[in-house]
Amino acid sequence: MAMTCSNINYSNTMRFGGRQSQDFIRLNSSGDESSNNYNCHKSHSKRKRTYKPTEYGSNFLAPFFPNPDAPWKTKVYTPDIIGLHNEIEDFARWMQPTKEETMLRGCIVERVKRIVHQLWPTARVEIFGSFKTGLYLPTSDIDIVIFGEWTVPPLRTLERRLIDNNIADPATMKVLDKASVPIIKLTDTLTKIKLDISFNTNNCLKSAEKISELLKQYPCLDKLVLVLKQFLLQRGLNEVFVGGLGSYCLTLMVVAKLQSCPRHRRGRLEDENLGVLLIEFFEFYGVRFNYNNTGIRIHDGGSFFNKNDNAEMKGSMLCIEDPFSPGNDIARASYCMYIVKEAFKIAYMWLKRAVIAPSKPNEQVFPLTDSILGTLVKVDRGIVEYRNWIKNNWVYLANRLPHPESYTHTTQHLPTRPAKGKSRKAEVWQSLKRNEEELSDTPTDQSAGASSDESDRLTDDISSDAST
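Please read all numbers here as calculations on a predicted model, not as lab measurements.

A. Quick look at the overall build of the protein chain. A count of helices and strands for the protein chain gives 15 helices and 9 strands. In the protein chain, buried positions account for 51% of the 468 residues. Restricting to contacts in the protein chain with at least 6 residues of sequence separation, those with at least 24 account for 72%. Summing over all exposed atoms, the protein chain offers an accessible surface of approximately 22,300 Å²; the carbon and sulfur share of this is 49%.

This is the structure:
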């Protein structure tokens, strides 16, 4: 495995002015020209931001200390770049959705689809976004688009029908009819999974197909994106409608960095160290990238261009050209990019400080910790409990959700539709047994697995129902 890095010199120690290690790096450094020029976005925006700095400490951009829970840890990692690579591998493996989680999301989509067809029988319901590509976190929302013949998107009509059918709690419903892309945001009452529903957005399906192609082209892309999505999520910087950086733009930024990497042009990126790639990403977009003049283009092998040559692109800090519509800036809604840039900069400084060796015998460069990645990426205990809840109750939930006719994830398979005269609960349980047989040769994660006592209880419940 290649362990070289073109932009980072790990032989030099970064001492931060000779100060000793602190609990966090203070956010009081003077920003560069590119970030200061865009601070005006904060005051001019009329949208209400939902960032909660106190939720993750006094400085929500700073790394976490002491070390938070790291449920992905399966071993002791070496405190160097190789240990960071192994930890990213384990993090991405833990974040991968289970079959139960994927099946429940498919059932929720079918639930919405049936409501839509009751209102508009000829409408077409499609999935896009992270659920379509598989790059979704346990708490990620489901992106749904509805195609039909309307002059104005029927947002309020669908909102009332979803509330009447107890699919969404009125307190969780948000109709963003003034946004550039009007959507309905809601939370499923049964599974607590969030959904975003839009109308007649044609490019979204092309975007999902493009991401799927890039995932095949860059084997390391999915792992890096999962880490970065969780990094932004815990800081409240992942929602586009409040000025954050969305998943699609984030993925294209990672692709643009990989395309500019000399190792990619030599065809050796498949075996690259993930820790090196993550640090290079934070350095590139947190320190080196010129946001004032540079735009990102990923088609035709990728390139950077002067965004000031296009009057429609020079108004926003981050500029990413739409792969399907040249001249269209898909990142113009991320008006809080100056905060994201500062978070990337601090993450670069912190990780670089973590993986280098001290130049003096008794010099403490990085606080002693068993998880370097865990000081930047946090998985709340509630997420672990939520995944366990789905694992232990998915049979109960599947019984109360409609069975989907189609499926989005190519790596997962939903149970077949139950035959006439057969118990639906028994059919779901047989599907569970088939899934367990398929996974019998692979190790399971204890944090997301159900206990044997719980499985026995479910077996007894279903056997009693079948006998009745």
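B. Up close: the nonpolar core. In terms of nonpolar packing, the biggest core is built from 74 residues, with Leu245, Met253, Phe282, Tyr285 and Phe344 touching the most fellow members. Membership of the second largest hydrophobic core comes to 33 residues, among which are Val112, Ala123, Ile142 and Ile197.

C. Just the sheet that holds strand E4 (residues 183-187), in detail. Spatial strand order, E1-E2-E5-E4-E3: 5 strands in an open sheet with mixed pairing. The open sheet has two edge strands with one neighbour each: strand E1 (124-128) and strand E3 (174-176). The average angle at which neighbouring strand axes cross in this sheet is 20 degrees, direction not considered. Most of the contacts of helix H4 (residues 99-119) go to strand E2 (residues 142-147), to which it runs at about 25 degrees, and overall it touches E1, E2 and strand E5 (194-199). Those strands touched by helix H7 (residues 203-217) are E1 and E2, and its axis lies near 35 degrees from that of E1.

D. Just the packing of aromatic side chains, in detail. One pass over the full model with this rule turns up 18 aromatic pairs. One aromatic cluster is present, formed by Phe231, Phe281, Phe282, Phe284, Tyr285, Phe289, Tyr291, Phe304 and Phe344 through successive ring pairs. Arg235 extends its terminal NZ or CZ atom over the ring of Phe231, reaching a point 3.9 Å from the ring centre. Cation over ring: Lys257 sits above Phe284, and NZ or CZ is 5.6 Å from the ring centre.

E. Structural view of the packing of helix H8 (residues 221-233) against helix H11 (residues 274-288). Running from N to C, H8 and H11 point in directions that differ by 50 degrees, and their axes come no closer than 10 Å. Considered as vectors, H8 and H11 are oriented oblique to each other. H8 and H11 meet at a crossing whose hand is right-handed. Seen from H8, the contacting residues are Lys223, Leu224, Val227, Leu228 and Phe231; seen from H11, they are Leu274, Leu277, Leu278, Phe281 and Phe282. A breakdown of the residues in the contact of H8 with H11 according to their chemical character gives 9 nonpolar, no polar and 1 charged.

F. Structural context of the environment of Lys391. Of note, Lys391 is situated in helix H13 (residues 381-399). The exposure class assigned to Lys391 is partly exposed, which follows from its relative accessible area of 24%. Counting along the chain gives 291 residues from Lys391 to Glu100, while the straight-line C-alpha distance between them is 6.5 Å. Polar contacts involving the side chain of Lys391 include one to the side chain of Glu100, which spans 3.2 Å.

G. Fine view of unusual backbone geometry. The phi dihedral of Lys192 falls on the positive side, at around 65 degrees, and the residue is not glycine. Counting through the fold element by element, Lys192 comes out in the loop between E4 and E5. Residue classification places Lys192 among the exposed residues on the basis of a relative accessible area of 54%. Despite not being glycine, Asn200 shows a phi value in the positive range, around 55 degrees. Relative to the assigned elements, Asn200 resides in the loop between E5 and H7.

H. Structural view of the pattern of salt bridges. This model, assessed by the stated rule, comprises 16 salt bridges. Among the salt bridges present, the one from Asp222 reaches Lys223, with a minimum N-O distance of 4.0 Å. What you see here is one network of salt bridges that share partners, running through Lys75, Asp90 and Arg93.

I. The packing of H4 against H13, seen in detail. Closest axis-to-axis distance for the H4/H13 pair is 9 Å, and the angle between their directions is 50 degrees. Relative to H13, the element H4 lies oblique. Judged by the sense of rotation from one axis to the other, the crossing of H4 with H13 is left-handed. Contact with H4, carried on its side by Glu100, Glu101, Met103 and Leu104, involves Arg387, Ile390, Lys391, Trp394, Leu397 and Ala398 of H13 and no other residues of that element. Of the residues belonging to the contact of H4 with H13, the class tally is 6 nonpolar, no polar and 4 charged.

J. Main features of the side chain of Thr191. Mapped onto the elements, Thr191 comes out in the loop between E4 and E5. Excluding its chain neighbours within four sequence positions, the residues that come into contact with Thr191 are Ile108, Tyr386, Trp389, Leu397 and Leu401.

K. Here's a closer look at H8. Its 13 residues place the ends of H8 18 Å apart at the C-alpha level, agreeing with the 18 Å of an ideal helix rising 1.5 Å per residue. Most of H8 sits out of view: 11 of its 13 residues are buried. What H8 keeps buried is the set Leu221, Lys223, Leu224, Val225, Leu226, Val227, Leu228, Lys229, Gln230, Phe231 and Leu232.

L. View of helix H3 (residues 81-95). Between its first and last C-alpha atoms H3 spans 21 Å; for 15 residues at 1.5 Å apiece the expected length is 21 Å, and the two agree. When you tally the buried positions in H3, you get 11 out of 15 residues, the bulk of the element. Restricting attention to buried positions, one finds in H3 the residues Ile81, Gly83, Leu84, His85, Glu87, Ile88, Asp90, Phe91, Ala92, Trp94 and Met95. Against H8, H11, helix H12 (337-355) and H13 lie the buried residues of H3. The backbone nitrogen of Ile82 has a side-chain oxygen 3.2 Å away, supplied by the residue at the start of H3, namely Asp80.

What counts and what doesn't
Residues numbered from 1 in each chain as written. Predicted model: local features only at pLDDT ≥ 70, side-chain atom pairs only at ≥ 80, totals over all residues. Heavy atoms only, no water. Helix = DSSP H or I, 4+ residues; strand = E, 2+ residues; numbered from the N terminus. Buried < 20%, exposed > 50% of the residue type's maximum accessible area, 1.4 Å probe, protein only. Contact = heavy atoms within 4.5 Å. Areas by Shrake-Rupley, 256 points an atom, 1.4 Å probe, with all protein chains shown as cover. Core = buried A, V, L, I, M, F, W, Y, C linked by side-chain atoms within 4.5 Å. Pairing = 2+ DSSP bridges. Axes fitted to C-alpha atoms, helices over the stretch in contact; angles between N-to-C directions. Phe/Tyr/Trp six-rings, centres within 6.5 Å; stacked < 30°, edge-to-face > 60°. Lys NZ or Arg CZ within 6 Å of the ring centre and 35° of its normal. Parallel < 35°, antiparallel > 145°, perpendicular 65-115°, else oblique. Left-handed = near helix turned anticlockwise from the far one by under 90°. Nonpolar A, V, L, I, M, F, W, Y, C, P; charged D, E, K, R; others polar. Polar contact = N/O pair within 3.5 Å; in protein donor to acceptor, adjacent residues only side chain to side chain. Salt bridge = Lys/Arg side-chain N within 4 Å of Asp/Glu carboxyl O. Expected span 1.5 Å × (residues − 1).

Interpretation in functional terms is not warranted from these geometric data alone.
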